[in-house]
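Summary of structural features
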Protein chains: 2
Amino acid sequence: MSDIDRPSKTSTSGSDGERARTRLSMVDVAAHAGVSLGTVSNVLNRPELVAERTQRRVRSSIAALGFVPNAPARQLRGGRSRTVGVVVREIGSPYFSEILPGLESKLAKEQFLLMVCSSDDSPDKEAYYLKTLEEHRVAGILISPAGDDIEHLIALRQRGVGVVLLDRLGVGSQLCAVAVNNVQGGDLAGDHLFSLGHRRIGFLNGPSTVRQCADRREGLHRAARRAGLDPDEAISEITLSVLNAQGGETGLAQLLDDERRPSAIFCINDMVAVGVLRDLEKRGIAAPGEMSVVGYDDVEFAALLSPALTSIRMPKQQLGQAAAELLVTDFRADDNHWHQEIVFQPELIIRASTAPPPTSGQAS
Amino acid sequence: MSDIDRPSKTSTSGSDGERARTRLSMVDVAAHAGVSLGTVSNVLNRPELVAERTQRRVRSSIAALGFVPNAPARQLRGGRSRTVGVVVREIGSPYFSEILPGLESKLAKEQFLLMVCSSDDSPDKEAYYLKTLEEHRVAGILISPAGDDIEHLIALRQRGVGVVLLDRLGVGSQLCAVAVNNVQGGDLAGDHLFSLGHRRIGFLNGPSTVRQCADRREGLHRAARRAGLDPDEAISEITLSVLNAQGGETGLAQLLDDERRPSAIFCINDMVAVGVLRDLEKRGIAAPGEMSVVGYDDVEFAALLSPALTSIRMPKQQLGQAAAELLVTDFRADDNHWHQEIVFQPELIIRASTAPPPTSGQAS
DNA sequence: GAGGGGAATTGAAACATTTCAACACCCGCA
DNA sequence: TGCGGGTGTTGAAATGTTTCAATTCCCCTC
């Protein structure tokens, strides 16, 4: 139990000189079956052109030799590939891991293989991955962009790569996109807190270069104004560099140090909220008694936290599926293709982490 | 808020006749720069052979034309590719999404691209993906196998594809493997419960065709015997077909119907435990007062459940990283390569979901 | 002024496919 | 007997690279 960091390495027998030197090619199959190269290809790609008898012969040669077609070579001549790239901002986040299954199931059905990349919110790493994916001649790319600028994605599209924005709208609709209305999400959260009577709320946001973050802030401000408050007065925003539980803890510390401590906190995602809740408990501050907390994304376990987390639900499964569908139709629509934007609406899920502020002030 | 299922589709302007017809190749670059094809290739692959002046000329032609190398063609001639396949059992599970980052970061550093596949525990789907990955000539495959049989993986290895078992040991060490000792994990959980005084525990297990499940059961039985109990008496095992919260709820229902209701439940993973906790609360059964619960995996949010979940921690980050490292050395070790198995030890994390049984019976 | 040697460049073969025009064969019909 | 028309099959070109032996060029030395 204590040697968790000291894995037991067990080097065991078995040097393998067995690695196949050279792979078999269709030429070998053709020779073995006594037919021409073209016929083997036809058996594989247009069997209706080949006589029954010949087909059987070729197929049994394939099986006998253990021939495995070479997809790259195939693609070289044939053109399009059956591969799509997925570039997410943080592969480990529950948010993306709840989107991925929707993507995967849809694309697997269409026989696509997924190349999954994590930009870790770095535009450089994103650029590197995009370049690499383009070199691999993927049929399309699903991406949740790291930065605000998406010119490079439009250019990519013009070079013939299908592009669908995930969780983000394009500018001037030059790209297909699937997104959730983040302004609305921020508004819902703010509206909920303000109408509970909160007059000053902390906002643990991500960098505003991330579009989602900027949008949610806008929604939050809108809700404040609608409640008759000055956003700059009512909202104390802190920019986190890491959007996980750790970030939530450091953000909370800053908010508590504030001379005008807020009575509620809106967190940019559920992981941040988790950190806040965890730290509130450690500090002996009651939630929601002394401090209300709202999360974002409504990941699967949000309902199971203590207290159960009020959050903004994103239809993640649908998001993934819709994106995959858009990409697939993008392929099919050979020429005159119209860019589509699908916008889902988020939903406020009220649970146990929000309540009116301790000394319910001047409610409007 | 109510139209979450009715996304607003906004078809907008922009049919693009812009799609590039034919891609440029190195031949075009060569022509533009006034050099031969071979020189362009050298600039890209062995710049030390090419004169400064020429390099500059070629590079500026590449930039001017917007040339993008063709990775498949490259691979065709060059041999090995920079792609690895990852086949997990359930892409959406928090368990795998906590392993993936470790893999990704390590392999990204080595300039590999990840093809991620989800077998959904179906050997057929797994076989399909393995075939497809092999056709793509991936350099290697990291896999958490769906079934017990891994002969096909050994064969794959012999055909020259690097294979590393993830979260599972091979038989007779014919493959590299990274795993956590599951027998030990089951033992830890059982030992904890039995020494708390529980004499009958429910075990929500997965299908025993899954090796991990069989191993954990073995550990659990071992702990029972060590506590002087007959495993068949002391353990009431239920096989779940789906290992998520839903499965946990249905499993709990069965355990409660049992004429000899257990006083504790050991769940095959944390998601199942989540379902159990959720349903216990719904039924008004106190945890851990009336029913103790132990999870497995110790996913990130286990500590945040209510009550905080006692669980078996797997070093997931390290698991991913170690697997990636093993695969990379597998590539480098050209010939006489020794298969390595790295076994991590799990750790019991005691939190608030376990306690002595209500009427502490005859403690040994 | 001839020859040697190193650096830079070239040309062609090779990689494993797909595609397509051309060919062979067989059958029925005039 | 010759001929048209399928149906199957073939051969060769094309795809975008890498690799490597061969070649050119230039400078230096004797």
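Note: the structure precedes this text.
Okay, so let's go over this structure. All figures in this text were calculated on a predicted structure; none of them were measured in a lab.

Let us look at the protein's contact with DNA strand D. Around DNA strand D sit 24 residues, and of these Thr39(A), Thr54(A), Met26(B), Arg74(B) and Arg77(B) come closest. Separating a phosphate oxygen of DNA strand D from a backbone N or O atom of Ala51(A) is a distance of 3.2 Å. Here a phosphate oxygen of DNA strand D sits 3.1 Å away from a polar atom, N or O, in the main chain of Asn70(B). Top contributing element to the surface near DNA strand D by residue count: helix 4 (residues 71-78) of chain B, with 4 residues. A class-by-class count of the residues in the surface near DNA strand D yields 12 nonpolar, 8 polar and 4 charged.

What follows concerns the packing of aromatic side chains. For the coordinates displayed, the defined rule picks out 9 aromatic pairs over all chains. Taking 5.2 Å as the distance between ring centres and 5 degrees as the angle between the ring planes, the aromatic pair formed by Phe203(A) and Phe266(A) counts as stacked. With a gap of 63 residues between them, Phe203(A) in strand 7 (residues 201-205) and Phe266(A) in strand 9 (residues 264-267) connect regions that are remote in the sequence. As far as burial versus exposure is concerned, Phe203(A) and Phe266(A) are alike and both buried. Measuring from ring centre to ring centre gives 6.1 Å for Phe266(B) and Tyr296(B), while their planes differ by 40 degrees; the resulting arrangement is tilted.

In this structure, Leu204(A) and Leu204(B) are the most contacted members of the largest nonpolar core, which totals 154 residues. Filtering out sequence-adjacent residues up to four positions away, Leu204(B) remains in contact with Ile238(B), Leu240(B), Gly248(B), Gly251(B), Leu252(B), Leu255(B), Ile265(B), Phe266(B), Cys267(B), Ile268(B), Val272(B) and Val276(B).

So, on to the sheet that holds strand 7 (residues 201-205) of chain B. All names here are of chain B. Strand order across the open sheet formed by 4 strands is 8-7-9-10, with parallel pairing between neighbours. Both edges of this open sheet fall to strand 8 (235-239) and strand 10 (292-294), since each of them pairs with a single strand only. Here the strands of the sheet are splayed against their neighbours by 20 degrees on average, with no regard to which way each runs. Here strand 7 runs beside strand 9 (residues 264-267); their pairing, made up of 4 bridges, is parallel. Within strand 9, the residue paired with Ile201 across the bridge is Ala264. With respect to the sheet, helix 11 (residues 245-257) is in contact with strand 7, strand 8 and strand 9, its orientation differing from that of strand 7 by roughly 145 degrees.

A few words now on the protein's contact with DNA strand C. In the vicinity of DNA strand C, 23 residues are found, and the nearest of them are Ser41(A), Arg77(A), Ser36(B), Thr39(B) and Thr54(B). If you look at DNA strand C and keep only atoms within 4 Å of the protein, 69% of those are sugar or phosphate atoms. For DNA strand C, a phosphate oxygen lies 2.8 Å from a polar atom in the side chain of Thr39(B). Elements supplying a minimum of two residues to the surface near DNA strand C: helix 2 (37-45) and helix 4 (71-78) of chain A together with helix 2 (37-45) and helix 4 of chain B. When residues in the surface near DNA strand C are grouped by element, the largest group, 4 residues, is from helix 2 of chain A. In the surface near DNA strand C, the residues fall into 10 nonpolar, 9 polar and 4 charged.

Procedures and definitions
Within each chain, residue numbers correspond to sequence positions counted from 1 in written order. Going through the entries in the order they are written, you letter the chains from A and number the ligands from 1. Predicted model: local features are reported for residues with pLDDT of at least 70 only, side-chain atom pairs are reported and counted for 80 or more only, and whole-chain, interface and lining totals are derived from all residues. To get the side-chain values, take all heavy atoms of the structure and skip hydrogens and water. Whether a residue is near a molecule or strand depends on its heavy atoms: if one lies within 4 Å, it is near. Under this definition, polar contacts are N or O atom pairs within 3.5 Å; protein pairs additionally need one hydrogen-donor-capable and one acceptor-capable atom, and for neighbouring residues in sequence, both atoms have to be side-chain atoms. Working definition: helices are DSSP H or I runs of at least four residues, strands are E runs of at least two. Numbering for both runs from the N terminus. The classification used treats Ala, Val, Leu, Ile, Met, Phe, Trp, Tyr, Cys and Pro as nonpolar, Asp, Glu, Lys and Arg as charged, and all other residues, Gly among them, as polar. Centre distance within 6.5 Å is the pairing criterion for rings of Phe, Tyr and Trp, where only the six-membered ring of Trp is used; planes under 30 degrees apart are then read as stacked, over 60 as edge-to-face, and the remainder as tilted. Buried, partly exposed and exposed residues are distinguished by accessible area as a fraction of the type maximum, computed with a 1.4 Å probe on protein chains only: under 20%, between the cut-offs, and over 50%, respectively. Throughout, nonpolar core names a set of buried Ala, Val, Leu, Ile, Met, Phe, Trp, Tyr and Cys residues whose side chains join them through atoms within 4.5 Å. Residue contacts are defined here by distance: any two heavy atoms, one from each residue, within 4.5 Å place the two residues in contact. Two strands pair if DSSP finds at least two bridges between them. For helices, the fitted line uses only the C-alpha atoms of the stretch in contact; every axis is such a line through C-alpha atoms, and the angle between N-to-C directions lies from 0 to 180 degrees.

Take it as geometry only, folks, not as evidence of what the structure does.
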